[in-house]
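Listed below, chain by chain, are the residues.
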Amino acid sequence: MAEAPNDGSRSSPSVFISYARSDADIAAELATRLEAAGIGVRTDSHVTPGENWASAIEGRLRAADYLIILVTHAALASDWVMAETSQAIREFSDRAVTVVPVLLENVEMPLSLSRIQYLDFRGDKQRAMDALVSRLSASVDIDFSEFTPQAFEGLVGDLLVDLGFTVEREPRVHGKQFDFRASVPVRDPFGALVTEQWLIEAKHHSSGRVSVQTIREFIGFAHSINALENTKLALIASGQITSAGREILKSAHLRVVEGVELKRILLTRHHLVAKHVDRRLK
């Protein structure tokens, strides 16, 4: 499929900051820093008199590329903050809203955020804020459609190594060639280290959607792979799963990392963005 020509320009990302009223000062400071870097920022303070509050917030969330959540005790007790968080995670994943928790206090992450890598602001807040602004600026408009399948596979391979995996490229298992066989040490429930094996495919989708056919194929592979002891199957995709694909995955033993989650992971790995994204835009 023909791609629109790239004129070298990149649009600025937009950010929605969700916070408790008691954290308004740091939210305002973060907003000022982001805006100074050319990043569009919205908060619930931008709701004008007469607007329906819930509809206005939903509209701003839908227009955002990133939802930054300032995580404090007050935020976790705020119905509005948790509603905004849940809405972004559950309803807007198809629109690629990347959720970025920012930890400001020693709190236990709620289940909705527990699997999302957070940014730690509990120490030097200014340095952490500098890093966040830099990473958002560096990850402006990460567009996986600009990658070739080979370039996307290279990015995934480097990410796996960065995550601590030992990686073998293009293994053949049960007559199928996978992109990666990856092993990583993990602790069992009793504290002993064991090696977990993964077979991983990197799928580049120029259309931006992961097809139901792709999901069905991987579920078929998963059934055969389950016969191998301690081996798991993962699909890392540049696009998003359709609603039909999500329904199919509910009963499948298969780990899928969609494009929105991949962007979220890259947000905290500036060196990979510089190597695989920034280099392509020069």
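Quick notes on the rules
Residues numbered from 1 in each chain as written. Predicted model: local features only at pLDDT ≥ 70, side-chain atom pairs only at ≥ 80, totals over all residues. Heavy atoms only, no water. Helix = DSSP H or I, 4+ residues; strand = E, 2+ residues; numbered from the N terminus. Buried < 20%, exposed > 50% of the residue type's maximum accessible area, 1.4 Å probe, protein only. Contact = heavy atoms within 4.5 Å. Areas by Shrake-Rupley, 256 points an atom, 1.4 Å probe, with all protein chains shown as cover. Phe/Tyr/Trp six-rings, centres within 6.5 Å; stacked < 30°, edge-to-face > 60°. Lys NZ or Arg CZ within 6 Å of the ring centre and 35° of its normal. Polar contact = N/O pair within 3.5 Å; in protein donor to acceptor, adjacent residues only side chain to side chain. Expected span 1.5 Å × (residues − 1). Arc of directions from axis to C-beta. Pairing = 2+ DSSP bridges. Axes fitted to C-alpha atoms, helices over the stretch in contact; angles between N-to-C directions.

A. Quick look at the overall build of the chain. When its secondary structure is counted, the chain shows 10 helices and 14 strands. The buried share of the chain, taken over its 282 residues, is 47%. Sequence separation of at least 24 residues holds for 64% of the intrachain contacts in the chain that already meet a minimum separation of 6. Put simply, the chain shows about 14400 Å² of open surface, and 50% of that area lies on carbon and sulfur atoms.

B. Examining the packing of aromatic side chains more closely. The final tally for this structure, using the stated rule, is 2 aromatic pairs. Ring plane angle 65° and centroid distance 6.0 Å describe the contact between F144 and F147, whose orientation is recorded as edge-to-face. Judged by relative accessible area, which is 4%, F144 ranks as buried. On the basis of an interplanar angle of 75° and a centroid distance of 5.6 Å, the ring pair of F144 and F152 is categorised as edge-to-face. A relative accessible area of 0% means that F152 is categorised as buried. Ring pairs connect the aromatic residues F144, F147 and F152, which therefore count as one cluster. One residue, K176, lies across the ring of F178, its end atom 5.3 Å from the ring centre.

C. Structural context of the environment of Q240. In this structure, Q240 sits in strand β13 (residues 240-241). Using a relative accessible area of 6% as the deciding quantity, one classes Q240 as buried. In this structure the C-alpha to C-alpha distance between Q240 and V260, which are 20 residues apart in sequence, comes to 7.2 Å. At 3.1 Å, the side chain of Q240 and the side chain of E258 are in polar contact. Polar contacts involving the side chain of Q240 include one to the main-chain amide nitrogen of G259, which spans 3.0 Å.

D. Expanded view of unusual backbone geometry. Located in the positive-phi region is E170, a residue other than glycine, with phi close to 55°. Looking at the element boundaries, E170 is found in the loop between β6 (166-169) and β7 (172-173).

E. Layout of helix α1 (residues 24-36). In this model, α1 (13 residues) spans 18 Å end to end at C-alpha, consistent with the 18 Å of a helix rising 1.5 Å per residue. Taken as a whole, α1 has its buried residues at I26, A27, L30, A31 and L34. In an axial view of α1, the angular spread of the buried residues amounts to 140°, which keeps them on one side of the axis. The exposed set on the far side of α1, more than 90 degrees from its buried face, consists of D25, T32 and A36. Of the residues trailing α1, G38 is marked for its positive phi of about 85°.

F. Seen up close, the sheet that holds strand β4 (residues 98-103). Here 5 strands make up an open sheet; going across it, the order is β2-β1-β3-β4-β5 and the pairing parallel. One side of each edge strand has no neighbouring strand; the edge strands of this open sheet are β2 (40-42) and β5 (119-120). Examined bridge by bridge, strand β1 (residues 14-18) and strand β3 (residues 66-71) share 4 bridges and lie parallel to one another. Across the sheet, the residue bridging to V15 is Y66, located in β3. Helix α9 (residues 259-267) contacts β3 and β4 of the sheet and is inclined by roughly 35° relative to β4.

Read these as geometric descriptors, not functional statements.
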